[in-house]
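This is what each chain is made of:
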Amino acid sequence: MYSSRSLQTPLVALLLLLLVPTGPAGALSDDEKRVMVELHNHYRAQANPPAANMLQMTWDEDLAAFAKAYAQQCVWGHNSQRGRRGENLFAITDQGLDVPLAVEEWHHERKHYNLSNTTCEPDQMCGHYTQVVWAKTERIGCGTHFCEKLKGVEVTDIQLLVCNYEPPGNVKGQKPYQEGTPCSQCPSGYHCKNSLCELIRGPEIQDVSDLVTEMSSPLATEASDSRKTGAEGPGKSVSSSGLNSGLGHKWGPLLELLILLPLVLAGIF
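A quick note: this is a predicted structure, and the numbers were derived from the prediction, not measured.

A. Highlighting the pairing of strand β8 (residues 196–199). Summarising the sheet, strand β7 (residues 190–193) and β8 pair through 4 bridges and their orientation is antiparallel. Directly across from Lys 193, in β8, lies its bridge partner Leu 196.

B. Quick look at the side chain of Gln 131. Locating Gln 131 in the fold gives a position in helix α5 (residues 127–132). For Gln 131, a relative accessible area of 1% translates into the label buried. The residues touching Gln 131, leaving out its near neighbours within four places in the chain, are Arg 44, Gly 86, Glu 87, Asn 88, Thr 137, Tyr 165, Pro 168, Gly 169 and Asn 170.

C. Highlighting the pattern of salt bridges. Summed over all chains, the structure comprises 8 salt bridges. For Glu 166, the salt bridge identified is with Arg 139, shortest N-O distance 3.5 Å. In this pair, Glu 166 sits in strand β6 (residues 156–166) while Arg 139 sits in strand β5 (residues 139–149), placing the two residues 27 residues apart along the sequence. On the accessibility criterion, Arg 139 (27% relative accessible area) is partly exposed. Two residues, Glu 179 and Lys 175, come together in a salt bridge whose shortest N-O distance is 3.7 Å. Judged by relative accessible area, Glu 179 falls into the partly exposed class, the value being 39%.

D. The nonpolar core, seen in detail. Core analysis: the largest hydrophobic core is formed by 28 residues, its most contacted members being Met 36, Met 54, Trp 106, Ile 140, Leu 161, Cys 163 and Tyr 177. Sorting the residues of this core by element identifies α2 (30–45), β2 (86–92), α4 (99–108), α5, β5 and β6 as the ones contributing at least two each. Counting residues per element, this core draws most heavily on α4, which supplies 4 residues. Contacts of Cys 163, omitting those with residues within four sequence positions, involve Met 36, Gly 86, Glu 87, Asn 88, Trp 106, Ile 140, Gly 141 and Cys 142. If you look at the next biggest cluster of nonpolar residues, it comprises 10 residues, including Leu 89, Cys 147, Leu 160 and Val 162.

E. A look at the state of the cysteines. Inspection of the entire model under this criterion finds 5 disulfides. The disulfide bridge from Cys 142 ends at Cys 163, spanning 2.0 Å between sulfur atoms. Because the sign of the S-S torsion sets the handedness, a value of about 105° for the bond joining Cys 142 and Cys 163 places this disulfide among the right-handed ones. One end of the pair, Cys 142, is in strand β5; the other, Cys 163, is in strand β6, with 21 residues separating them in the sequence. At a sulfur-sulfur separation of 2.0 Å, the disulfide partner of Cys 186 is Cys 197. Taking the sign of the S-S torsion, -85° for the link of Cys 186 and Cys 197, the bridge is left-handed.

Conventions and cut-offs
- Residues numbered from 1 in each chain as written.
- Predicted model: local features only at pLDDT ≥ 70, side-chain atom pairs only at ≥ 80, totals over all residues.
- Heavy atoms only, no water.
- Pairing = 2+ DSSP bridges.
- Helix = DSSP H or I, 4+ residues; strand = E, 2+ residues; numbered from the N terminus.
- Buried < 20%, exposed > 50% of the residue type's maximum accessible area, 1.4 Å probe, protein only.
- Contact = heavy atoms within 4.5 Å.
- Salt bridge = Lys/Arg side-chain N within 4 Å of Asp/Glu carboxyl O.
- Core = buried A, V, L, I, M, F, W, Y, C linked by side-chain atoms within 4.5 Å.
- Disulfide = S-S within 2.5 Å.

Structure representation (structure tokens):
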């Protein structure tokens, strides 16, 4: 017969287990997010032929929330309400979410794609691959959901993964990227890191308020010097004395007219 103390121990352990905080349903773990971004950047940096303008991709929580909300609908098909977002889907039945497998499957479509004429082999899919290596896309967010039934296919008990991208790829008539030496066509404000164009952040970009301060400082100094010396060079009207003298010239003739008007009226009457 078990004592009350022996029953309390597993009960406390169970309660502690239930109280352990977990991530929100449908959200990727921090490790899965990291792997998702790293694999995208790996395949982007290894583009063949090499890409001259490939941007580095980063995780975006807003996109992740959007993707998670759609994954929860359990639909096998692209979200018609995704707006200006790219989208990749992946589903797996025999195990839980496998991020490396998902990105590998998307990239595997490369063998069917011809970059020179931007065409895909007949009866093959290439859109997942082209989104992965779309040079101008630089943000990704993904969500997942376990679906007992998946609308659009006769499959049950399936793990659905949805990834959304900004800016979107697969623009008709455009190549995924420009061929050339890696980073040779990085946009302004980017530098080269691991064969990708990385957005310059932190101290390498000057704060806007600092720029405003630097731009206004010479004007403030010039105004101060003008007040001290009374100098008003050509086109300068920043000192208070310059403003006052300008008003005097404007109102002087009118004041004289107002003074003479009573005298004229007195002479008439």
